[in-house]
Amino acid sequence: MSAFTQEQVQKSLEKIQDPETGRALKKQIKEVVVEDVNITAKIGLTSFAMPIKDSFAKEVNDHLKSDFPDATITVEIVDHSRPATPLGQVGLKAKAVIAVAAGKGGVGKSTAATSLAIGLKRAGCSVGLLDADVYGPSLPHLTGTRGQVTKVDGKIVPLIAEGIPLMSIGFMIPPGEAVIWRGPMLHSAVTTFVRDTDWGELDYLIIDMPPGTGDIALSLSQLLPLTGAVIVCTPQEVALIDAIKAVGMFRKVKIPVLGLIENMSSFICPDNGKSYDIFGKGGAKEYAEQDKIAFLGEIPINIQLRERGDAGKMGDNFNDPDIAPYLDSIAHELVKTLTANAKANPVQVQLPVLG
Ligand code: ADP
């Protein structure tokens, strides 16, 4: 005879919050088996939260351990599907829309956006990648994706890069051609990107924003609710000043700043294994702490990373032990931040759930 019942374990699990919505687990409790002192719990997690699967399993385990200290606990995380609700007037089906931005060009914003998208995809999320850097679309180059988009049933079909649907102005104009953008044209290009593109159902739409200016951010925020912005900067003090400006710009247009990524943090010399802080160290992290912005991680200067970018093989960075842990960690930290926000402000069910 066990000291606790299956019902008690079920009740205990119902006190845990789902990482995606912050709501109490209910249908996600797939199976609870109690045999003597052994508890086995099968809990469903949506693909949105898969990057934090291990820490969630630990949270469930710790929670049960604290309620049933004498139990031997086994937690198994399984898939739980939850469709994305259409966003704004454009009806884009995405659970989170993340703008990756920088105060100025050349800090590795596109590299970070691509790596974030690939990292989320590899962790099990459904991801789309939008190159909204209309002044210098570099995602076709970084991902080695060439071609022109086609239309099916009036919707633009994005090209596929690293298994991710990718849309770029680079697929709509001849390579190398300069486009002079005026305000209304910018707005209509952005509308085409989000409204007229067949993105399918996404957990995350990652947007590579143009550097500096707020035009595209404003256009986007008029079309759909942006979940937030991730700001990329380098460690130099001048770069930090630009990053702080970018943070201010997003806050001004009421787009939450989700986190900061420091790129080109240090250089590990392949000849002697020594680490050199070429641009200084720690400034971005310190600023993030002061301004209560999550520090999502750093990316060291790495020659292969640059070479793979030029060869259009960014996915290969995830098989490189010198760089993969940094990139994986950024995707993980972003999801950690989003799920912590959801837990603090649970998403309310908008329609009555019947049955
Ligand atoms: P941005 O989008 O900010 O203009 P990119 O992501 O296009 O910057 O990066 C500019 C150049 O710097 C690219 O050639 C890219 O491969 C390189 N680069 C970016 N980050 C790193 C890094 N951590 N190590 C080495 N090269 C990098």
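J.: Looking at this structure, how should I read the pairing of strand β10 (residues 164–168)?
T.: As a general feature of sheets, a regular strand has side chains that alternate between the two faces. Counting buried residues along β10, 5 of its 5 residues qualify, which places the element largely inside the surrounding structure. Residues Ile 164, Leu 166 and Ser 168 line one face of β10 and the alternating positions Pro 165 and Met 167 line the opposite face, and both faces are buried. Pairing analysis gives 3 bridges linking strand β9 (residues 159–161) to β10, with the strands arranged antiparallel. Bridge pairing in β10 links Ala 161 to Ile 164.

J.: Help me understand the site of the ligand in this model?
T.: Around the ligand, a shell composed of 17 residues is seen, among which Gly 108, Ser 110, Thr 111, Arg 306 and Gly 309 lie nearest. Within the residue set of the shell around the ligand, elements represented by two or more residues are α3 (109–122), β13 (257–268), β15 (294–301) and α9 (303–310). Residue composition of the shell around the ligand, grouped by class: 6 nonpolar, 9 polar and 2 charged.

J.: It is not clear to me how the domain arrangement of the protein chain should be interpreted in this structure. Could you clarify?
T.: In many reports, interface size means the accessible area that the parts give up when they come together. Segmentation of the protein chain into domains returns domain 1 (6–79) and domain 2 (86–343). Put simply, the middle of domain 1 and the middle of domain 2, counted by C-alpha atoms, are 33 Å apart. In this complex, domain 1 contributes 11 residues to the contact, which on the side of domain 2 involves 14 residues. Grouping the amino acids of the side of domain 1 that touches domain 2 by side-chain chemistry returns 6 nonpolar, 4 polar and 1 charged.

J.: When you look at the sheet that holds strand β1 (residues 29–35) in this model, what are you seeing that I'm missing?
T.: Sheets are built from strands paired through backbone hydrogen bonds, the pairs being either parallel or antiparallel. Taken in spatial order, the 3 strands of this open sheet run β1-β2-β3, and their pairing is mixed. Taken across any chain shown, the strands that pair with only one partner, and hence form the sheet edges, are β1 and β3 (72–79). Taken over all neighbouring pairs, the strand axes of this sheet differ in orientation by 10° on average, direction set aside. With 8 bridges connecting them, strand β2 (residues 38–45) and β3 associate as parallel partners. Directly across from Lys 42, in β3, lies its bridge partner Glu 76.

J.: Teacher, can you tell me more about the pairing of strand β11 (residues 202–208) here?
T.: The element β11 is extensively covered by neighbouring structure, given that 7 of its 7 residues are classed as buried. Direction of pairing for strand β5 (residues 92–102) relative to β11: parallel, over a ladder of 6 bridges. Note on β11: the bridge partner recorded for Ile 98 is Ile 206. The sheet contact formed by strand β6 (residues 127–131) and β11 spans 5 bridges and is parallel.

J.: Which parts of the structure should I look at to understand the environment of Lys 245?
T.: Inspection of the secondary structure puts Lys 245 in helix α7 (residues 237–252). On the basis of neighbour counts, which here come to 13 C-beta atoms within 10 Å, the residue Lys 245 falls in the partly exposed class. Along the backbone, Lys 245 and Gly 108 are 137 residues apart, and their C-alpha atoms lie at a distance of 17 Å.

J.: Teacher, can you tell me more about the packing of α7 against helix α8 (residues 283–290) here?
T.: A packed helix pair is summarised by two numbers, namely the angle formed by the two axes and the spacing between the axes. For the pair α7 and α8, the least separation of the axes is 10 Å and the interaxial angle reads 30°. In terms of axis orientation, α7 runs roughly parallel to α8. Crossing of α7 against α8: the hand is right-handed. When α7 is examined against α8, the residues Glu 237, Leu 240 and Ile 244 are found in contact with a partner set consisting of Gly 283, Ala 284 and Tyr 287.

J.: Explain the nonpolar core to me, please; I cannot follow it from the model alone.
T.: Nonpolar side chains in soluble globular proteins generally cluster together in the buried interior. Judged by nonpolar contacts, the single largest core of 95 residues is most densely connected at Ala 99, Val 100, Ile 206 and Ile 231. At 9 residues, the largest contribution of residues to this core is made by β5. For this core, the domains that each give at least three residues are domain 1 (6–79) and domain 2 (86–343). Residues in contact with Ala 99, not counting those within four places in the same chain, are Ile 207, Met 209, Ala 217, Leu 220, Leu 226, Ala 229 and Ile 255.

J.: Help me understand α9 in this model?
T.: Turn by turn, an α-helix covers 3.6 residues, leaving residues three or four places apart pointing in a common direction. Inspection of α9 places Leu 305, Arg 308 and Gly 309 among the buried residues, and these make up the whole buried set. Here the buried residues of α9 occupy an arc of 105° about the axis, which is enough to place them on one side. Counted as exposed and oriented over 90 degrees from the buried face of α9: Ile 303, Arg 306, Glu 307 and Asp 310. Along its buried surface, α9 packs onto α3 and α4 (139–143). At the C-terminal side of α9, Gly 312 shows a positive phi close to 70°.

J.: Got a minute to help me understand the packing of helix α5 (residues 183–195) against helix α6 (residues 215–223) in this structure?
T.: It is at 9 Å that the axes of α5 and α6 come closest, and there the two elements cross at 50°. It follows that α5 is oblique to α6 by the angle criterion. Here the hand of the crossing between α5 and α6 comes out right-handed. Note on element contacts: α6 touches α5 through Asp 215, Ile 216, Ser 219, Leu 220 and Leu 223, opposite Gly 183, Leu 186, His 187, Val 190, Thr 191, Val 194 and Arg 195. Tallied by class, residues from the contact of α5 with α6 come to 6 nonpolar, 4 polar and 2 charged.

J.: Please clarify how unusual backbone geometry should be interpreted in this entry.
T.: Both trends apply: most residues other than glycine have a negative phi, and most peptide bonds are in trans. The backbone of Glu 162 sits at a positive phi, close to 55°, despite the residue not being glycine. Its place among the elements puts Glu 162 in the loop between β9 and β10. A positive phi angle, close to 60°, is found at Lys 254, a residue other than glycine. Tracing the backbone through its elements, the reader meets Lys 254 in the loop between α7 and β13. Given 9 C-beta atoms within 10 Å, Lys 254 falls into the exposed group.

Rules and cut-offs
Residues numbered from 1 in each chain as written. Predicted model: local features only at pLDDT ≥ 70, side-chain atom pairs only at ≥ 80, totals over all residues. Buried ≥ 20, exposed ≤ 12 C-beta atoms within 10 Å, placed from the backbone. Helix = DSSP H or I, 4+ residues; strand = E, 2+ residues; numbered from the N terminus. Pairing = 2+ DSSP bridges. Near = placed C-beta within 6 Å. Nonpolar A, V, L, I, M, F, W, Y, C, P; charged D, E, K, R; others polar. Domains from an automatic or database assignment. Contact = placed C-beta atoms within 7 Å. Axes fitted to C-alpha atoms, helices over the stretch in contact; angles between N-to-C directions. Parallel < 35°, antiparallel > 145°, perpendicular 65-115°, else oblique. Left-handed = near helix turned anticlockwise from the far one by under 90°. Core = buried A, V, L, I, M, F, W, Y, C linked by C-beta atoms within 7 Å. Arc of directions from axis to C-beta.

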